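Here are the chains, one letter per residue:
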Amino acid sequence: MSTKPDPALTLPVVDQAALPCVALLGNPNAGKTSLFNRLTGLRAHTANFPGTTVEHRRARIELGGAPATLIDLPGVYSLEPSSPDEAVAVAVLRGEEARVPRPDALVVVVDSTNLERNLPLVSQALELGLPTIVALNLTDLADRLGVRIDLRKLSQELGCTLVAVSARTGSGIPELQSAITALLAERPVPVSAPHSCACTTCGGCGYTARFHWAEGVTRASVVETSPRAAAMTDALDTLFTHPVIGLGAFALVMTGFFVLVFWVAQFPMAWMDAAFAWAGGWTQQVMPPGVMQSFVADGVIGGVGGMLIFLPQICLLFFALALLEDSGYLSRASLVMDKLMRRVGLPGKAFVPMLSAHACAIPAIMASRVIEDRRDRLVTIMVLPLLTCSARVPVYALMVGLLFPGSPLTQAAVFAGCYALGAAAAFGMAWVFRKTILKGQPRPLVIELPNYRRPSLRDALLVTMDRAWAFIRNAGTTILLICLVMWALATFPRTPESELPSEVQAQVAQLRQQGDDPAAQALIGQAQLERSFAGAIGRFVQPVFDPLGFDWRMSIGVVSSFAAREAIVSSLSVLYGMGDDGADDQPSLLAKMRAARGPGGGPAFNVPTCLSLLVFYVLAMQCLPTQAVTWRETGTWTWPALQLAYMSVLAYVAAWGTHAAASALLGA
Ligand SMILES: Nc1nc2c(ncn2[C@@H]2O[C@H](COP(=O)(O)OP(=O)(O)OP(=O)(O)O)[C@@H](O)[C@H]2O)c(=O)[nH]1
Ligand SMILES: [Mg+2]
């Protein structure tokens, strides 16, 4: 599924340049984006692991009745960047980022449950000489964990205004807004930090001085900590990061995830399928037969409905992923997976991008900016589109629904198998790249483990609603357009019944004599479809896909999905819906496809063909926006071209092998 431009990035440049500009700076995972969302009312992505934001984001806010620009930055541990995302933050601070105004003031966001680790950056920020406020965030969690901070003391130690806030509950937000307004009005320059190092001969003691200062300030201002909370975190970490138990826990979490997404979704999906079937049937009753009826029933309801029935599954996927991201577990899973990933040449830091690629490869490719080494990053980017993104979900669901009607557990297992195949292919290809064009050993993982947090149901629901809306918008625009083109290609030229071949006319006459009018009508529909533009194009490309077991309708469906893979579902819905089998008064889309016949008279979607289609869609690169992002992140067309070439060959060969093996095994 392609991502739309962030509304926060759509401010006119001229407008922003004239406005006072405030940047949110802070350690990774300190809650900068959550605060940004609170202050702007936007819904930028947040998650409980370091490195969620990898690009600056800006929006206009009102402060004391006057407009200002607020910039959210990627998290940094220091102002000496070590990865591309950190470089973005530092470039904005220096005024070196194109089209972004240099900030006039800073809000340094600090995690109050992790004060000591956040303060070294505060000291560097204060040295920039910009008007600065420190926002002490996550105070709700600090309260729950029994961490108490003496705010007056801390403010004195820092020598700047300090505001305690909670981006989660909203407490302290009005005070923060007032403090920023005053900061922009008065523009006080912070007093110089008390830890600067006079030594000019070595690079290390500056850091040491900063860390000593952070330790001292923490000791002076943290009044109370809770050993019980720390003990609980340690106990959970011992389990989740254990080389064996940790792997078992990971397998369990993932299994639960897929069963939830698959099993729960089947109920609303069945209702929606029935609703669209009813709507199609109703249209046929109220509209006179003809081109318009076919346009509405087959083109619009059939095509878009064929896509929309998968909405519940998409929603559940994003909801479950949001809860998982917010829990703090993912950083632990990265540690457990690091060893395995490094064995195939992937860095441990690729884990979170790989997991988020299960939603969409585009943000995942951008998220790989957290990987410091260029070769490590390139290997990761090259294999990310192999992981199952949400646009593949409708294709998988359609195929497993056709393959195993009425057995949700088998469906769930095959569905999970597709995800596993994508992951295995990504690991295998990473290994191949490491042995060939991107030789080298990935760096070992050093990662900060965030606190475990109770996931926010509200945030997860908001993410889900956004994604659902994006899915509906996509179905109502791009997919609808593809459906209409497909419908037009399948409708015209319309061969009159009298011009159909004589053997077809004879069969039709015989069926009518037997009183089987629906079957006669279906036969005419089939013959007309075969003589349409779609039939001609399908037959032209079909020889390419014949070894994979695809008939001409599937072949044209595959071609239609090279710009956006999910388009195949709607294309098939239109094409199979139009060659109506007449088996039922109002057959659902799945029923129509199940009843469709292939050239030999057997089911068009037999087991080898369904499996081959599944394998093809697991492995093929069919997403133009992903290619564009690969180009942007790598700076050359070589990598996206290679990505397209190797994935297409891999998909074709694997689908061909699957079809041949399944046909041999089943004697098909
Ligand atoms: N309980 C609680 N959780 C918070 C608060 N602020 C942020 N969070 C959670 O902390 C996690 C990190 O929040 P983000 O806003 O993504 O942090 P960030 O600083 O933008 O992180 P990066 O983009 O990785 O640098 C998310 O799970 C948030 O829901 C808060 O005040 N209270
Ligand atoms: Mg962020």
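From a predicted model like this one, the values you see are computed outputs, not experimental measurements.

Analysis parameters
- Residue indices follow the written sequence of each chain, beginning from 1 at its first position.
- Chains carry letters and ligands carry numbers; both start at the beginning, A for chains and 1 for ligands, and go up in the order they are written.
- This being a predicted model, a pLDDT of at least 70 is required before a residue's local features are given, and a value of 80 or more before pairs of side-chain atoms are given or counted; all residues contribute to the totals for chains, interfaces and linings.
- Proximity of a residue to a molecule or strand is defined by its backbone-placed C-beta atom lying within 6 Å of that partner.
- Helix and strand labels come from DSSP, where a helix needs a run of H or I of at least four residues and a strand needs a run of E of at least two; each type is numbered from the N terminus.
- Residue polarity follows a fixed list, in which Ala, Val, Leu, Ile, Met, Phe, Trp, Tyr, Cys and Pro are nonpolar, Asp, Glu, Lys and Arg are charged, and the others, Gly among them, are polar.
- We call a residue exposed when 12 or fewer other C-beta atoms sit within 10 Å of its C-beta, buried when the count reaches 20 or more, and partly exposed for counts in between; the C-beta positions come from the backbone.
- Strand pairing is assigned whenever DSSP identifies at least 2 bridges connecting the two strands.
- An expected span of 1.5 Å times one less than the residue number is assigned to each helix.
- Throughout, bend refers to the angle between the axes fitted to the seven residues that end at a position and the seven residues that start at it.
- Residue pairs qualify as contacts under a 7 Å threshold applied to their C-beta atoms, which are placed from the backbone.
- UniProt positions are given in the numbering used here, feature names are shortened, and annotations may be inferred rather than shown by experiment.
- Throughout, an axis means a line fitted to C-alpha atoms (over the contacting stretch in the case of helices), and angles, computed between N-to-C directions, take values from 0 to 180 degrees.
- Working definition: roughly parallel below 35 degrees, roughly antiparallel above 145 degrees, roughly perpendicular at 65 to 115 degrees, and oblique for all remaining angles.
- Crossing chirality is assigned from the near helix's rotation relative to the far helix, an anticlockwise turn below a right angle marking it left-handed and a clockwise turn marking it right-handed.
- To form a nonpolar core, buried Ala, Val, Leu, Ile, Met, Phe, Trp, Tyr and Cys residues must be joined through C-beta atoms within 7 Å.

Visitor: Help me out: how do you make sense of the site of ligand 1 in this one?
Guide: Taken together, 28 residues form the shell around ligand 1, and within it Gly-31, Thr-46, Thr-53, Gly-75 and Arg-168 come nearest. Residue assignment for the shell around ligand 1 shows that the elements contributing at least two residues are α2 (32-40) and α5 (139-145). With three residues, the top contributor of residues to the shell around ligand 1 is α2. Taken together, the residues that form the shell around ligand 1 break down as eight nonpolar, 14 polar and six charged.

Visitor: How should the pairing of strand β1 (residues 21-26) be read in this particular structure?
Guide: The side chains of a regular strand alternate between both faces of the sheet. Taking burial as the measure, the six residues of β1 include six buried ones, the bulk of the element. Here β1 shows a buried face lined by Cys-21, Ala-23 and Leu-25 and a second buried face lined by Val-22, Leu-24 and Gly-26. As paired strands, β1 and strand β3 (residues 66-72) are joined by four bridges and run parallel to one another. Note that in β3 the partner of Val-22 across the bridge is Leu-70. Relative to strand β4 (residues 105-111), β1 runs parallel, the two sharing five bridges. By the bridge assignment, Leu-25 is partnered in β4 with Val-108.

Visitor: How do you make sense of helix α10 (residues 245-286) when you look at a structure like this?
Guide: Helical periodicity: at 3.6 residues per turn, an α-helix aligns residues three or four positions apart in one direction. Taking 1.5 Å of rise per residue, the 42 residues of α10 would be expected to cover 62 Å, and the 61 Å separating its terminal C-alpha atoms lies within 8% of that figure. Of all the bends in α10, the greatest, near 40°, is centred on Gln-266, and the proline Pro-268 appears no more than four residues after it. Inspection of α10 places Val-261, Phe-262, Ala-265, Met-269, Asp-273, Phe-276, Ala-277 and Gly-280 among the buried residues, and these make up the whole buried set. The elements touched by buried residues of α10 are α11 (291-308), α12 (311-327), α18 (408-435) and α25 (589-595).

Visitor: Explain the UniProt feature "domain: FeoB-type G" (unreviewed entry) in the protein chain to me, please; I cannot follow it from the model alone.
Guide: Mapped onto the present numbering, the UniProt feature "domain: FeoB-type G" (unreviewed entry) falls on residues 19-186. As a span, residues 19-186 carries 36% helix and 23% strand, and end to end its C-alpha atoms are 16 Å apart.

Visitor: Would you mind going over the UniProt feature "transmembrane region" (unreviewed entry) in the protein chain with me for this structure?
Guide: Here, the residues flagged by UniProt with the feature "transmembrane region" (unreviewed entry) are residues 244-265, 295-324, 344-366, 378-404, 410-433 and 471-490. Across residues 295-324, helical content stands at 93% and strand content at 0%; the span's end C-alpha atoms are separated by 43 Å. Regarding residues 378-404, the helix share stands at 63% and the strand share at 0%, and the terminal C-alpha atoms are separated by 39 Å.

Visitor: Sorry if this is basic, but what is going on with the environment of Ala-661 here?
Guide: Following the sequence through the fold, Ala-661 ends up in helix α28 (residues 638-666). The class of Ala-661 is partly exposed, set by 13 C-beta atoms lying within 10 Å. For the pair Ala-661 and Pro-608, spaced 53 residues apart in the sequence, the C-alpha separation amounts to 8.1 Å.

Visitor: What should I look at first to understand the packing of helix α17 (residues 393-403) against helix α26 (residues 607-619) in this one?
Guide: Packed helices, taken two at a time, are described by their axes: the angle between them and the distance between them. One way to put it is that α17 packs onto α26 with a least axis distance of 10 Å and a crossing angle of 165°. Judged by the inter-axis angle, α17 sits roughly antiparallel to α26. In the packing of α17 onto α26, the handedness of the crossing is left-handed. Seen from α17, the contacting residues are Val-395, Tyr-396, Met-399, Leu-402 and Leu-403; seen from α26, they are Val-607, Cys-610, Leu-613, Leu-614 and Tyr-617.

Visitor: Can you help me understand the sheet that holds β3 in this one?
Guide: The strands that make up a sheet are held in pairs by hydrogen bonds between backbone atoms, and each pair lies either parallel or antiparallel. Strand order in this open sheet of six strands is β2-β3-β1-β4-β5-β7, and the pairing throughout is mixed. The open sheet has two free edges, formed respectively by β2 (57-63) and β7 (161-164), since each of these has just one partner strand. Pairwise comparison of adjacent strand axes, ignoring direction, gives a mean angle of 25° for this sheet.

Visitor: Where do I start with the nonpolar core in this structure?
Guide: Generally speaking, a soluble globular protein has its nonpolar side chains buried in company with each other. The biggest cluster of nonpolar side chains holds 126 residues, and the ones touching the most others in it are Leu-614 and Leu-619. When residues in this core are grouped by element, the largest group, 10 residues, is from helix α19 (residues 457-491). Membership of the second largest hydrophobic core comes to 55 residues, among which are Ala-68, Leu-130, Ala-179 and Val-217.

Visitor: Quick question: what am I supposed to make of helix α21 (residues 517-530) here?
Guide: Across its 14 residues, α21 extends 20 Å between first and last C-alpha, which sits within 8% of the 20 Å expected from 1.5 Å per residue. Listed in full, the buried residues belonging to α21 are Ala-520, Leu-523, Ile-524, Ala-527, Gln-528 and Leu-529.

Visitor: Can you help me understand unusual backbone geometry in this one?
Guide: When glycine is set aside, most residues are seen to have a negative phi, and most peptide bonds are trans. The peptide bond linking Phe-492 to Pro-493 adopts the cis configuration, its omega dihedral lying at -10°. Residue placement: Pro-493 occurs in the loop between α19 and α20 (502-513). Its identity is not glycine, yet Asn-29 carries a phi of approximately 70°, on the positive side. Relative to the helices and strands, Asn-29 resides in the loop between β1 and α2.

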